[in-house]
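Structural overview for review
The lines below spell out each chain.
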Amino acid sequence: QIQLVESGGGLVQAGEALRLSCAASGGTFSSYDMAWFRQAPGKEREFVAAIRRSGGGTYYADSVKGRTTISRDNAENTVYLQMNSLKPEDTAVYYCAAAKGAIFFRSSRTRSDEYDYWGQGTQVTVSS
């Protein structure tokens with residue numbers, strides 16, 4: 001069973017950047033498709049980005065496309081989320097998630113119930 005720990009959140013001003021990290025342990029990291037989700041107060045958890053287990057494919061929500069990059073280092077058992085040009089509406093708790101199944105090419109890759117393991121989340125707050 002894989003364990004996930006996010007880090008890198010914080011308070012930034014609009015227009016600034018942050019890089020989130022998610023360190024995995026207890027499993028074979030390269031055998032999981034990975035994703036980032038976020039949840040703002042009073043809202044449902046929403047998909048942000050996904051990356052194929054090999055690292056050879058990425059997919060983004062329209063709301064972050066063009067200013068966000070998901071990447072992974074399978075040797076370091078870590079997945080990253082680089083967020084640039086942050087906006088106040090990006091304020092949320094950010095979660096990384098791991099899927100045992102090969103879901104990257106499914107349309108359901110944006111659904112939280114497709115993912116089996118979750119981290120505890122890291123808070124990102126963007127002030128205007």
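Note: the structure precedes this text.
Let's talk about the sheet that holds strand β1 (residues 3-7)
- Strand order across the open sheet formed by four strands is β1-β3-β8-β7, with antiparallel pairing between neighbours. Edge positions in the sheet fall to β1 and β7 (68-73), since each of these pairs with one other strand and no more. Adjacent strand axes in the sheet meet at a mean angle of 15 degrees when their direction is disregarded.
- One ladder, built from six bridges, connects β7 with strand β8 (residues 78-83); its direction is antiparallel. Residue isoleucine 70 lies in a different strand from β8, and its bridge partner there is leucine 81.

Quick look at the side chain of arginine 67
- Along the polypeptide, arginine 67 turns up in the loop between β6 (58-60) and β7.
- In contact with arginine 67, other than residues within four places in its own chain, are Gln82, Met83, Asn84, Ser85, Leu86, Lys87 and Asp90.

Section: the environment of glycine 9
- Secondary-structure assignment places glycine 9 in the loop between β1 and β2 (10-13).
- For glycine 9, a relative accessible area of 32% translates into the label partly exposed.
- Through-space distance from the C-alpha of glycine 9 to that of alanine 92 is 9.7 Å; in sequence the pair is 83 residues apart.
- Leaving out residues up to four positions away in the same chain, glycine 9 has contacts with Leu18, Leu20, Thr122, Gln123 and Val124.

Observations regarding unusual backbone geometry
- Of note in this structure, asparagine 77 is not a glycine but carries a positive phi near 55 degrees.
- For asparagine 77, the position within the fold is in the loop between β7 and β8.
- Since its relative accessible area comes to 27%, asparagine 77 is described here as partly exposed.
- The backbone of serine 85 sits at a positive phi, close to 45 degrees, despite the residue not being glycine.
- With respect to the element layout, serine 85 can be found in the loop between β8 and β9 (92-99).

Structural notes on the pairing of β1
- Residues Leu4 and Glu6 of β1 are buried on one face, while the alternating residues Gln3, Val5 and Ser7, pointing to the opposite face, are not.
- Sheet analysis places β1 next to strand β3 (residues 18-25), joined by five bridges and oriented antiparallel. The residue bridging valine 5 from the neighbouring strand is alanine 23, located in β3.

A look at the packing of aromatic side chains
- Applying the stated criterion across every chain yields a total of eight aromatic pairs.
- Measuring from ring centre to ring centre gives 5.7 Å for phenylalanine 37 and phenylalanine 47, while their planes differ by 80 degrees; the resulting arrangement is edge-to-face. Here phenylalanine 37, found in strand β4 (residues 33-39), pairs with phenylalanine 47, found in strand β5 (residues 46-51); they are ten residues apart in sequence, far enough to count as distant.
- Overall, phenylalanine 47 belongs to the buried group, its relative accessible area being 9%.
- Judged by centre distance (5.9 Å) and plane angle (35 degrees), the ring pair of phenylalanine 47 and tyrosine 59 falls under tilted. One end of the pair, phenylalanine 47, is in strand β5; the other, tyrosine 59, is in strand β6, with twelve residues separating them in the sequence.
- Cluster of aromatic residues (ring-pair linked, three or more members): Phe37, Phe47, Tyr59, Tyr95, Tyr115 and Trp118.
- We note arginine 109 situated over the ring of tyrosine 59; from NZ or CZ to the ring centre the distance is 3.6 Å.

Cut-offs applied
- By convention here, each chain's residues receive numbers from 1 onward along its written sequence.
- Local features in this predicted model are restricted to residues whose pLDDT is 70 or higher, and side-chain atom pairs enter the listing and the counts only when it is 80 or higher, whereas totals over whole chains, interfaces and linings include all residues.
- Excluded from the side-chain calculation are hydrogens and water; included are all heavy atoms of the structure.
- We call two strands paired when DSSP finds no fewer than two bridges between them.
- Secondary structure elements follow DSSP: runs of H or I no shorter than four residues count as helices, runs of E no shorter than two count as strands, and numbering proceeds from the N terminus.
- Helix axes are fitted to C-alpha atoms over the stretch in contact, other axes to C-alpha atoms as well, and angles between N-to-C directions run from 0 to 180 degrees.
- Residues count as neighbours in contact if any of their non-hydrogen atoms are within 4.5 Å of one another.
- Exposure categories follow from relative accessible area, calculated using a 1.4 Å probe and restricted to protein chains: below 20% of the type maximum is buried, above 50% is exposed, and the middle band is partly exposed.
- Centres within 6.5 Å make a pair out of two Phe, Tyr or Trp rings, where for Trp the six-membered ring is used; the pair is then stacked when the planes are under 30 degrees apart, edge-to-face when over 60, and tilted otherwise.
- Two thresholds decide whether a charge sits over a ring: the Lys NZ or Arg CZ must be within 6 Å of the ring centre and within 35 degrees of the ring normal.

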